[in-house]
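What follows is the residue order along each chain.
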Protein chains: 2
Amino acid sequence: MKAVSLSKLGGPEQLNLIETPTPEPQAGHVRVKLHASALNRRDVWITLGQYPGIRLPCSMGSDGAGTIDRLGPDVPTELLGQEVVIYPAYDWGSDTRFPSPSFRVLGMPDPGTFAEFICVPASHVFPKPTFLNWQQAAAIPLAGLTAWRALMTQAAAQPGETVLVTGIGGGVATFALKWAVGLGARTFVTSGNADKLEQACQLGAAGGINYHMENWPKQLAEMTGSVDVVIDGTGGNNFPGCLALLKPGGRLVVYGATAGAPSAGLDMVRLFFRQTRIIGSTMGSPAEFAAMLNFMVEHHIEPVIDQVFALDQVVAAHQRLLSAQNLGKIVLRHD
Amino acid sequence: MKAVSLSKLGGPEQLNLIETPTPEPQAGHVRVKLHASALNRRDVWITLGQYPGIRLPCSMGSDGAGTIDRLGPDVPTELLGQEVVIYPAYDWGSDTRFPSPSFRVLGMPDPGTFAEFICVPASHVFPKPTFLNWQQAAAIPLAGLTAWRALMTQAAAQPGETVLVTGIGGGVATFALKWAVGLGARTFVTSGNADKLEQACQLGAAGGINYHMENWPKQLAEMTGSVDVVIDGTGGNNFPGCLALLKPGGRLVVYGATAGAPSAGLDMVRLFFRQTRIIGSTMGSPAEFAAMLNFMVEHHIEPVIDQVFALDQVVAAHQRLLSAQNLGKIVLRHD
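What counts as what
Residues numbered from 1 in each chain as written. Chains lettered and ligands numbered in written order. Predicted model: local features only at pLDDT ≥ 70, side-chain atom pairs only at ≥ 80, totals over all residues. Heavy atoms only, no water. Pairing = 2+ DSSP bridges. Helix = DSSP H or I, 4+ residues; strand = E, 2+ residues; numbered from the N terminus. Phe/Tyr/Trp six-rings, centres within 6.5 Å; stacked < 30°, edge-to-face > 60°. Lys NZ or Arg CZ within 6 Å of the ring centre and 35° of its normal. Buried < 20%, exposed > 50% of the residue type's maximum accessible area, 1.4 Å probe, protein only. Arc of directions from axis to C-beta. Contact = heavy atoms within 4.5 Å. Least-squares fit on C-alpha atoms with pLDDT ≥ 70 in both. Buried area = accessible area lost by both parts, 1.4 Å probe. Salt bridge = Lys/Arg side-chain N within 4 Å of Asp/Glu carboxyl O. Polar contact = N/O pair within 3.5 Å; in protein donor to acceptor, adjacent residues only side chain to side chain. Nonpolar A, V, L, I, M, F, W, Y, C, P; charged D, E, K, R; others polar. Domains from an automatic or database assignment. UniProt positions renumbered as here; feature names shortened; annotations may be inferred. Axes fitted to C-alpha atoms, helices over the stretch in contact; angles between N-to-C directions. Parallel < 35°, antiparallel > 145°, perpendicular 65-115°, else oblique. Left-handed = near helix turned anticlockwise from the far one by under 90°.

## A look at the sheet that holds strand 2 (residues 15–19) of chain B
Residue and element names in this part refer to chain B.
So, point 1. With respect to topology, 3 strands assemble into an open sheet ordered 2-1-4, the strand pairing being antiparallel. Each edge of the open sheet carries a strand with a single partner, namely strand 2 and strand 4 (58–59).
So, point 2. Relative to strand 2, strand 1 (residues 2–6) runs antiparallel, the two sharing 5 bridges. The residue of strand 2 that forms the bridge with V4 is L17.

Encoded structure:
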């Protein structure tokens, strides 16, 4: 079969579509013929060598959707032919609060989804929502799940609350906006790009602000009153502003730090007087993945897709993601 | 009656024992004849002008225990003569997550407990645990409640977990140690003072470390493995070490910042990869106060008292607290 492989570091240009043996499912596993996959920042970081534990050569890709075409031993036969979305990791474990030590994201070092086929545990495939096409379904897993856990489990956002999603455009931020709007939260966004702010409002945001503006937190406070929940994947020097916007009892969930660590120390006094929670979050469990898919079906939510590339345009797809021009997911079609 | 009053700022020396009218309870309130009261850092900060919203002259004191000697209208008569501990604040409100906007700690600007009598709502008095004397009972309220909410509600510490309490010696830290040991947690402490570390071990700590030692977090990690919960009232440059000690899913509760803000920014990557929670907490609700007293009775826990002063030695008592030599509460006896 064809699969995308990385054999040396140096950026997206090092990715190659190669021929590799088609896998056979072991006991308890299914094989999925992938119809589409999707990119995450993790993939770009791996090509750049900016991810822990890189082993080369490796197969790439965490997000995928397709049809089950082969069953390993001890798998119920009714799974054959099912159209599924794949849970994008292994070994969450039994504790809902954090993953087990052997937890890992799908792809690198395990075989990934930028391939014609993948074998995964039968418990890691979930029925594709029928109103979504393959490209939409493939866009969901890693970013959708990360946003779901951050907003629903960690922040425990409630209908009617005010939610701020920073850095709209990235996959997780865009899903966080979708989930918050679906939940019935009043949702605001930040971006460094005016077009993205406008697009976010078309997707249901109540308003947005450009974080390049001087004193954006004050302007956002005038717009929103104050905020119950911030979902932040940027960190950096906008972080204190996010913290300052929170109401008493507010929650700031951190799922990434594209802008690095904030240079200033935490405002401890504000933290304890306001009973603020800063909550680190990454990925999510299979149970959260299932809850997210049910929510999508119930609220008829479609992922936001930025652009679709053919599998053999994998380099250009990664360059698009690296440019940070995207709003929503970058998808690969496999046929 | 006699009561401690502050009419100008400048430190504990400005406190005076004055004559003032004995209060009469209004509807729904009871009058308590106070047998003992206790000091909190808040009191010292008020005398130094380092607390928000100071109004002078003011009456002082948040902690007290005594006998109900007079009832306002609409109060059940069986309360008369009851021996009680007083909930140390007003207006928590109906949300368990954070206090209402009118929430305030007892004393300054409201009449405080460094007095012969105080009137409080009938719903704010709780039966004194019978195995405690007056001085022990008066030591509980503000520090005990703050430690209770931090450890039990916010961190949701569990039996068998490993808990670190920083800066042992202060009232909240000493109660946090007592609650954690009572809960059945493996409890460690830090201090800058070797004697306090030894005393903490006598109070049930499994071990302690001097935070003046170079690389104390690494040494503590060797001692503890790693830590589920940190209860920290210090902040400052030991904060990153506290964060680094936490297991995946660990909780760091901040209830104060005697050492100020940390100079370095947060390690965001550790935060999200480890699903860490940093939780601000202060005070607690009447329901938490009641739960705390029940826990004390169930586990037969006595507060740690550092030193007892007569009410007319109130200046010396505050100087003792300001010196930070204490381990446990500084108490005033009123008779």
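## Some points on unusual backbone geometry
So, point 1. The omega torsion across L56 of chain A and P57 of chain A is -10 degrees, close enough to zero to call that bond cis.
So, point 2. Structurally, P57 of chain A can be placed in the loop between helix 1 (41–47) and strand 4 (58–59).
So, point 3. Omega for the bond connecting M108 of chain B with P109 of chain B falls within 30 degrees of zero, at 0 degrees, which places this linkage in the cis form.
So, point 4. Positive phi, close to 50 degrees, is recorded for A156 of chain A, a residue that is not glycine.
So, point 5. Looking at the element boundaries, A156 of chain A is found in the loop between helix 3 (141–154) and strand 11 (162–165).

## Remarks on the packing of aromatic side chains
So, point 1. If you walk through the whole model with that rule in mind, you get 16 aromatic pairs over all chains.
So, point 2. Each member of the aromatic cluster is reached from another via a ring pair, and the members are W148, F175, W179 and F295 of chain A.
So, point 3. Sitting over the ring of F117 of chain B, K33 of chain B keeps its end group 5.4 Å from the ring centre.
So, point 4. When the ring centre of W134 of chain B is taken as origin, the NZ or CZ atom of K128 of chain B, which lies over that ring, is 5.0 Å away.

## A closer look at helix 6 (residues 216–224) of chain A
Residue and element names in this part refer to chain A.
So, point 1. Among the residues of helix 6, those classed as buried are W216, P217, L220 and T224. Mapping the buried residues of helix 6 onto a view down its axis gives an arc of 95 degrees, with all of them on the same face. Along helix 6, the residues that are exposed and aim more than 90 degrees away from the buried face are K218 and E222.
So, point 2. Those residues of helix 6 that are buried are in contact with strand 11, strand 12 (186–191), strand 13 (207–210), strand 14 (227–232) and helix 7 (239–245).
So, point 3. Within two residues after helix 6, G225 carries a phi angle of roughly 80 degrees, on the positive side.

## What about the sheet that holds strand 4 of chain A?
Residues and elements named next belong to chain A.
So, point 1. Within the open sheet, the 3 strands sit side by side as 2-1-4. Their pairing is antiparallel. Looking at which strands have only one partner, the edges of the open sheet turn out to be strand 2 (15–19) and strand 4.
So, point 2. Bridge count between strand 1 (residues 2–6) and strand 4: 2 bridges; the pairing is antiparallel. Note on strand 4: the bridge partner recorded for S5 is S59.

## Some points on the relation of the copies chain A and chain B
So, point 1. Overlay of chain A on chain B (RMSD 0.0 Å): rotation 180 degrees, translation along the axis 0.0 Å. Such a combination of rotation and displacement between the chain copies is what one expects of a two-fold axis.
So, point 2. The share of interface residues of chain A whose copies in chain B are also at the interface is 100%, consistent with both copies meeting through the same surface.

## Some words on the interface of chain A and chain B
Reports often express the size of an interface as the amount of accessible area lost when the parts come together.
So, point 1. Between chain A and chain B, the residue contacts involve 37 residues of the former and 37 residues of the latter.
So, point 2. With both chains or domains summed, chain A and chain B bury close to 2,900 Å², and 62% of this area falls on carbon and sulfur atoms.
So, point 3. On the surface where chain A and chain B come into contact, there are 2 salt bridges.
So, point 4. Salt-bridge contacts for R97 of chain B lead to E161 of chain A; the nearest nitrogen and oxygen are separated by 3.8 Å.
So, point 5. Applying the counting rule to chain A against chain B returns 11 residue pairs in polar contact (both at pLDDT 80 or more).
So, point 6. Elements with a contribution of two residues or more to the side of chain A that touches chain B: helix 3, strand 15 (246–254), helix 8 (268–273) and strand 16 (277–280) of chain A.
So, point 7. Split by residue class, the side of chain A that touches chain B holds 18 nonpolar, 13 polar and 6 charged.
So, point 8. Pairing geometry for strand 16 of chain A and strand 16 (residues 277–280) of chain B, over 3 bridges, is antiparallel. Residue pairing across strands places I279 of chain A opposite R277 of chain B, the latter belonging to strand 16 of chain B.

## A look at the domain arrangement of chain A
All names here are of chain A.
So, point 1. Domain boundaries in chain A define domain 1 (2–140 + 304–333) and domain 2 (145–280).
So, point 2. Computed over C-alpha atoms only, the centres of domain 1 and domain 2 are separated by 28 Å.
So, point 3. Listed per partner, the contact involves 17 residues of domain 1 and 13 residues of domain 2.
So, point 4. The junction of domain 1 with domain 2 conceals about 1,100 Å² of combined surface from both sides, 64% of it contributed by carbon and sulfur atoms.
So, point 5. For the domain 1 face of the interface with domain 2, the top three residues by lost area are I140, V304 and L327, together amounting to 45%.
So, point 6. The tally of links from domain 1 across to domain 2 stands at 0 salt bridges.
So, point 7. Summed over the shared surface of domain 1 and domain 2, the result is 5 residue pairs in polar contact (both at pLDDT 80 or more).
So, point 8. Considered class by class, the residues forming the side of domain 1 that touches domain 2 number 10 nonpolar, 4 polar and 3 charged.

## Examining the UniProt feature "domain: Enoyl reductase (ER)" (unreviewed entry) in chain A
So, point 1. Per the UniProt record, "domain: Enoyl reductase (ER)" (unreviewed entry) is annotated on residues 10–332 of chain A.
So, point 2. Taken end to end, residues 10–332 of chain A is 29% helix and 26% strand, and its two terminal C-alpha atoms sit 21 Å from one another.

## Observations regarding the packing of helix 4 (residues 171–183) of chain A against helix 9 (residues 286–299) of chain A
Residues and elements named next belong to chain A.
So, point 1. Relative orientation of the contacting elements helix 4 and helix 9 amounts to 60 degrees, with a least axis distance of 11 Å. Taken together, the axes of helix 4 and helix 9 lie oblique to each other. Remark: the crossing between helix 4 and helix 9 carries left-handed chirality. On the side of helix 4, the interface is formed by W179, G182 and L183, while helix 9 contributes M292, F295, M296 and H299.
So, point 2. Residue composition of the contact of helix 4 with helix 9, by class: 5 nonpolar, 2 polar and no charged.

## Here's the deal with the environment of G182 of chain A
Residues and elements named next belong to chain A.
So, point 1. Structurally, the position occupied by G182 is in helix 4.
So, point 2. On a C-alpha basis, the gap between G182 and M296 in space is 8.5 Å, while along the polypeptide they are 114 residues apart.
So, point 3. Discounting chain neighbours no more than four positions away, the residues touching G182 are F295, H299 and I301.

## Topic: the pattern of salt bridges
So, point 1. Enumeration according to the criterion identifies 26 salt bridges over all chains in this entry.
So, point 2. Taking the shortest distance from any N to any O, the salt bridge between D110 of chain A and R104 of chain A comes out at 2.7 Å.
So, point 3. One salt bridge in this structure joins R320 of chain B and D306 of chain B, with 2.8 Å as the shortest N-O distance. Taken together, the positions of R320 of chain B in helix 10 (residues 314–323) and D306 of chain B in strand 17 (residues 305–310) put the pair 14 residues apart, joining distant regions of the chain.
So, point 4. It is possible to trace a salt-bridge network through shared partners that takes in E24, R31, D69 and R70 of chain A.

## Concerning the side chain of S285 of chain B
So, point 1. Structurally, the position occupied by S285 of chain B is in the loop between strand 16 and helix 9 (286–299).
So, point 2. Residues contacting S285 of chain B, with those up to four places away along its chain left out, are Y87, W92 and L145 of chain B.

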